[in-house]
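Chain by chain, the residues run as shown.
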Amino acid sequence: MVDDCVTDGERIATLLRAEIDGRETAGLDRLSVVAGEDREPSAPDEGAAVIDADGRVLATLEPMSDGLLLHVRAGKSAVHAHTDDEFLRVDVTDEQVQVTVPTAAAVKRAVDLLVSVATER
């Protein structure tokens, strides 16, 4: 049994990128994680982001000491299907949708959420 729980946001972001870049099934072939310098100049923020094949920013990534924060920019109603997910913390306000990925164990759930966001139009 695993005793250590990975909560470092940088490590979680690395795992998220590996999960998205490493698979080409279940809609992941349309997603990629890009760093600030690889994004369009008009894209919000300077950090890494998850984009779809059309270059649409789905979410920006904010690593924190106690998890990874996803600022969801598109497909916000798809996030509502994940509000009861026991592994993710979803905070929805009128203007923002933020999803906290608190541990490395929640990365696959976050990827599922991002695929849902990408497929919503």
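Residues numbered from 1 in each chain as written. Predicted model: local features only at pLDDT ≥ 70, side-chain atom pairs only at ≥ 80, totals over all residues. Heavy atoms only, no water.

A. Summary view of the overall build of the protein chain. Each helix and strand in the protein chain was counted, giving three helices and six strands. When its helices and strands are written in sequence order, the protein chain yields α-β-β-β-β-α-β-β-α. The proportion of buried residues among the 121 residues of the protein chain is 41%. The long-range share in the protein chain, meaning contacts at least 24 apart out of those at least 6 apart in sequence, stands at 49%. (Helix = DSSP H or I, 4+ residues; strand = E, 2+ residues; numbered from the N terminus. Buried < 20%, exposed > 50% of the residue type's maximum accessible area, 1.4 Å probe, protein only. Contact = heavy atoms within 4.5 Å.)

B. Inspection of the environment of alanine 18 at higher detail. Counting through the fold element by element, alanine 18 comes out in helix H1 (residues 9-22). When the C-alpha positions of alanine 18 and valine 33 are compared, they lie 9.1 Å apart, and in sequence the two are 15 residues distant.

C. Geometry of the side chain of threonine 60. When you line up the elements, threonine 60 lands in strand E3 (residues 57-64). A polar contact is formed between the side chain of threonine 60 and the side chain of arginine 73, at a distance of 3.3 Å. (Polar contact = N/O pair within 3.5 Å; in protein donor to acceptor, adjacent residues only side chain to side chain.)

D. Summary view of the pattern of salt bridges. Tallied over the full model, the rule gives four salt bridges. In this structure, glutamate 19 engages lysine 108 in a salt bridge whose closest nitrogen and oxygen atoms are separated by 3.0 Å. Remark: lysine 108 occurs in helix H3 (residues 107-119) and glutamate 19 occurs in helix H1; sequence separation between them is 89 residues. A residue is classified by how much of its surface remains accessible, and glutamate 19, at 14% relative accessible area, is buried. Of the charged contacts, one joins aspartate 54 and arginine 30 as a salt bridge, the two residues approaching to 3.4 Å between their closest N and O atoms. You can see aspartate 54 sitting in the loop between strand E2 (49-52) and E3 and its partner arginine 30 sitting in the loop between H1 and strand E1 (31-34), a full 24 residues away along the chain. (Salt bridge = Lys/Arg side-chain N within 4 Å of Asp/Glu carboxyl O.)

Read these as layout, nothing more, since geometry by itself doesn't imply function.
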